[in-house]
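# Descriptive analysis of the structure
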Amino acid sequence: MKDYLFKFGSFVFPMEHIADGGWNIAPNQRQDINPYTDANGVTHRQAVEHTKTTININTLDIDWDEMDAIMQGITDNYINRLERDAECDYYDTETRTYKTGHFYLDPSVTFSVKEFGKTYAEMTWTFIEY
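Here's a quick rundown of the structure.

A few words on the sheet that holds strand β8 (residues 85–92). An order of β2-β1-β8-β9-β12-β6-β3 is seen for the seven strands of this open sheet, with the pairing classed as antiparallel. Edge positions in the open sheet fall to β2 (11–12) and β3 (18–29), since each of these has one partner strand only. Here strand β1 (residues 6–8) pairs with β2 via two bridges, running antiparallel. Each residue of the ladder has a partner; that of K7, found in β2, is V12. Along the sheet, helix α1 (residues 64–75) contacts β1, β2 and β12 (123–129); its crossing angle with β12, the most-contacted strand, is approximately 10 degrees.

Another aspect to go through is the pattern of salt bridges. For the structure on display, the rule yields six salt bridges. K7 is the salt-bridge partner of D89, the closest N and O atoms lying 3.6 Å from each other. With D89 in strand β8 and K7 in strand β1, this residue pair connects regions lying 82 residues apart in the sequence. Looking at D89, the relative accessible area reads 17%, which means it is buried. Ionic pairing is found between D32 and R45, a salt bridge with its closest N-O pair at 2.9 Å. Taken together, the residues D32 in the loop between β3 and β4 (36–37) and R45 in the loop between β5 (43–44) and β6 (52–59) connect sequence positions 13 residues apart. Of the residues examined, D32 reaches a relative accessible area of 30% and is grouped as partly exposed.

Looking now at a negative patch on the surface. On the surface, E16, D63, D65, E66 and D68 cluster together into a negatively charged patch. Ranked by the residues each element gives to the negative patch, the list is headed by α1, at three residues. The topology assignment puts D68 in helix α1.

Although it is not a glycine, N28 adopts a positive phi angle of roughly 50 degrees. Its location among the elements puts N28 in strand β3. With phi around 60 degrees, R96 is a residue other than glycine that occupies positive phi space. Relative to the helices and strands, R96 is located in the loop between β8 and β9 (97–105). For R96, a relative accessible area of 58% gives the class exposed.

A few words on the nonpolar core. Generally speaking, soluble globular proteins have nonpolar side chains that are buried together. Core analysis: the largest hydrophobic core is formed by 27 residues, its most contacted members being F6, I57, W125 and F127. Counting only elements with at least two residues in this core, the list comes to β1, β3, β6, α1, β8, β9 and β12.

Before going further, it helps to examine the sheet that holds strand β11 (residues 119–120). Sheets are built from strands paired through backbone hydrogen bonds, the pairs being either parallel or antiparallel. Taken in spatial order, the three strands make up an open sheet running β7-β11-β10, and their pairing is antiparallel. Each edge of the sheet is formed by a strand with only one pairing partner; in this case those strands are β7 (62–63) and β10 (113–115). Of the pairings in the sheet, the one linking β10 to β11 comprises two bridges and is antiparallel in character. Looking at β11, one finds that E115 is bridged to T119.

Analysis parameters
Residues numbered from 1 in each chain as written. Predicted model: local features only at pLDDT ≥ 70, side-chain atom pairs only at ≥ 80, totals over all residues. Heavy atoms only, no water. Pairing = 2+ DSSP bridges. Helix = DSSP H or I, 4+ residues; strand = E, 2+ residues; numbered from the N terminus. Contact = heavy atoms within 4.5 Å. Axes fitted to C-alpha atoms, helices over the stretch in contact; angles between N-to-C directions. Salt bridge = Lys/Arg side-chain N within 4 Å of Asp/Glu carboxyl O. Buried < 20%, exposed > 50% of the residue type's maximum accessible area, 1.4 Å probe, protein only. Patch = residues over 30% accessible without salt bridge, like charges linked within 9 Å, V, L, I, M, F, W, Y side chains within 5 Å. Areas by Shrake-Rupley, 256 points an atom, 1.4 Å probe, with all protein chains shown as cover. Lys, Arg positive; Asp, Glu negative; His and termini not counted. Charge placed at Lys NZ, Arg CZ, Asp CG, Glu CD. Core = buried A, V, L, I, M, F, W, Y, C linked by side-chain atoms within 4.5 Å.

Now the structure itself:
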C-alpha cells in the first residue's frame, strides 16, 4: 500500500493536515444518458462505462508557510490553469485500490484566514473527476 490518500499530479496531499474523519470520497459515481421515469413510476436508466469520483478533504488549521507549500504543489501541477486540473492518484475505498483520474479543484474553493500571516482556518478541499 502507498503512503498517501491523494496525489494531485506529482504533489502528495500532506496527510498530517487532514482532520480525523476528514477523508470523504464518493467513488465511481455512475452516470446515465437520458434517464426517465415512465407513466408507471418506473425509472429507466442507460448507465455509461465512465464513472466519476468526488473527493472531499477536510483539513485542520494550517500554518501560513505550509499552506503556501500546499498551494505551490497544487498550482505547479495544473494542466490548465483556468480549469485547475491535473491527473491524480487516489485511494478508492470501494475497490480498495489506487486509481488514476483526471480531476479539477472545485471552482468555488474557499480559503479562510484565521490569523493573517500565521494561520489558515480549517477548510474543505473538493476535487471532482471529469
